[in-house]
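The chain contents come next:
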Amino acid sequence: MITIALTQLNQIKAHASATYPEECCGVLFGEEGESGKIVREILDIPNAKEENRERRFLITPEEYRRSEQEAERLGLEVLGFYHSHPDHPARPSQFDLEHAMPWWSYVIVSVKKGMPADVTSWSLDDDRREFREEKIAVDEREARRVMPGVGSGGML
Amino acid sequence: MAVKVLIPTPLRPYTNKERSVFLSGTTAGELLNELTTQFPVLKQHLYSGDGTLRSYVNVYVNDDDIRYLQQEQTPVTEKDTVSIIPSIAGGNRQCRLKVEGLTLEIQKTTSKKRIEWLINESPIN
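## Topic: the side chain of Ser121 of chain A
Residues and elements named next belong to chain A. Among the secondary structure elements, Ser121 is positioned in strand S7 (residues 115–124). Within the local environment of Ser121, its side chain forms a polar contact with the side chain of Glu134, the two groups lying 2.7 Å apart. Residues in contact with Ser121, not counting those within four places in the same chain, are Ile2, Ser105, Tyr106, Val107, Arg132, Glu133, Glu134 and Ile136.

Structure (structure tokens):
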């Protein structure tokens, strides 16, 4: 299970809608508790793919390194990533599967005609054969900031 | 000679949750070999079936991608830090289909009628 604040979930949806008809992407920061992963911060990342951005996204190694550094600064982990599927279901593609790492959560937002629709989360099996859908628990309380000052410099 | 190797978050469950490990080797390839010897389950996540590094797995020596150095033969010393850095990529189910010299953008739900239109009438082709 992955828990995310409603405000953050809405921010992800807004990001997906804003980049339509292209795919959006971003990082989920948080921690792993007894009940699963808890998202504490999200960070939108520019889609680095130079072509076919309506069906592909890319987060470069440099952006990933910055994300890891940011996670360390926050005292959190990179829990996973989100991206959108414009005019496609919120289900991982074979391409997603081939490029996935274990343990991380992959949150997918379906966007239909510019409007955000379903949101799902997936995690790769250890043997890399398939994704397993994980439950998204939405925390309707205000997102709890972990550290003061976070929220500027690109944080959603 | 022990060289520090940084482990990305998703692979830490396979390295006893260590953020970094110290491994013996004089090249990036030797370190990767040592890493997958100590933690065999990592192999399937780092390498494709043909034994080459997966395309989205990047290995850096300090700030440089070994693809632009000497690849797995890139020399390392104990002063270096080696990082395994994934590129994060994905996308929807759409795919390209090449038909008689035409490249069509289709998906699983694309109708036969639509494909026929793309081939015969679409101004793109």
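## Quick word on the sheet that holds strand S9 (residues 136–139) of chain A
All names here are of chain A. Overall, mixed pairing links the 8 strands, which are arranged S8-S7-S6-S5-S2-S3-S1-S9 in an open sheet. Each end of this open sheet is capped by a strand with a single partner; those strands are strand S8 (131–134) and S9. Within this sheet the neighbouring strands show an average axis-to-axis angle of 35°, counted without direction.

## Quick notes on the packing of aromatic side chains
Residue and element names in this part refer to chain A. Following the criterion strictly, the structure yields 4 aromatic pairs over all chains and no others. Ring plane angle 70° and centroid distance 5.8 Å describe the contact between Tyr106 and Phe131, whose orientation is recorded as edge-to-face. Placement of Tyr106 in strand S6 (residues 105–112) and of Phe131 in strand S8 is noted, with a sequence separation of 25 residues between them. For Phe131, a relative accessible area of 12% translates into the label buried. Among the aromatic residues, ring-to-ring pairing joins Tyr64, Phe81 and Trp104 into one connected group. Sitting above the plane of the Trp103 ring, Lys37 keeps its charged end 4.7 Å from the centroid. Across the ring face of Phe95, the terminal group of Arg56 is positioned such that the distance to the ring centre comes to 3.9 Å.

## A short note on the pattern of salt bridges
Counting across every chain of the model gives 12 salt bridges over all chains. For Asp63 of chain B, the salt bridge goes to Arg65 of chain A, with nearest N and O atoms at 3.3 Å. With Asp63 of chain B in the loop between strand S3 (57–61) and strand S4 (64–65) and Arg65 of chain A in helix H2 (residues 61–74), the pair connects residues from two separate chains. Accessibility expressed as a relative area gives 57% for Asp63 of chain B, which makes it exposed. Look at Arg65 of chain A and you get partly exposed, because its relative accessible area is 21%. Linking Glu68 of chain A and Arg12 of chain B is a salt bridge whose minimum nitrogen-to-oxygen distance equals 3.7 Å. With Glu68 of chain A in helix H2 and Arg12 of chain B in the loop between strand S1 (2–6) and strand S2 (20–24), the pair connects residues from two separate chains. For Glu68 of chain A, a relative accessible area of 13% translates into the label buried.

The rules behind these values
- Every chain's residues receive numbers from 1 upward, in the order its sequence appears when written.
- As a convention, the first chain written is A and the first ligand written is 1, with the rest following in written order.
- Where totals are concerned, whole chains, interfaces and linings use all residues; where local detail is concerned, this predicted model gives features only for residues with pLDDT of at least 70, and gives and counts side-chain atom pairs only at 80 or more.
- As a convention, hydrogens and water are excluded, and side-chain values are obtained from all of the structure's heavy atoms.
- For helices the rule is a DSSP run of H or I covering at least 4 residues; for strands it is a run of E covering at least 2, with both sets numbered from the N terminus onward.
- Polar contact is defined as a pair of N or O atoms within 3.5 Å, subject to the rule that within protein one atom must be able to donate a hydrogen and the other to accept it, and that residues adjacent in sequence are counted only when both atoms are side-chain atoms.
- The contact rule is simple, with two residues in contact once any of their heavy atoms fall within 4.5 Å.
- Strand pairing is assigned whenever DSSP identifies at least 2 bridges connecting the two strands.
- To get an axis, a line is fitted to the C-alpha atoms, and for a helix only the part in contact is used. The angle between two axes follows their N-to-C directions and goes from 0 to 180 degrees.
- Working definition: a ring pair exists when centres of Phe, Tyr or Trp rings (six-membered ring for Trp) sit within 6.5 Å. Plane angles under 30 degrees give stacked, over 60 give edge-to-face, the rest tilted.
- Burial status follows relative accessibility: with a 1.4 Å probe on protein chains alone, a residue under 20% of its type maximum counts as buried, one over 50% as exposed, and anything between as partly exposed.
- In this analysis the charged atom, NZ for Lys or CZ for Arg, is taken to sit over a ring once it is within 6 Å of the ring centre and within 35 degrees of the ring normal.
- Any Lys or Arg side-chain nitrogen located within 4 Å of an Asp or Glu carboxyl oxygen qualifies as a salt bridge.

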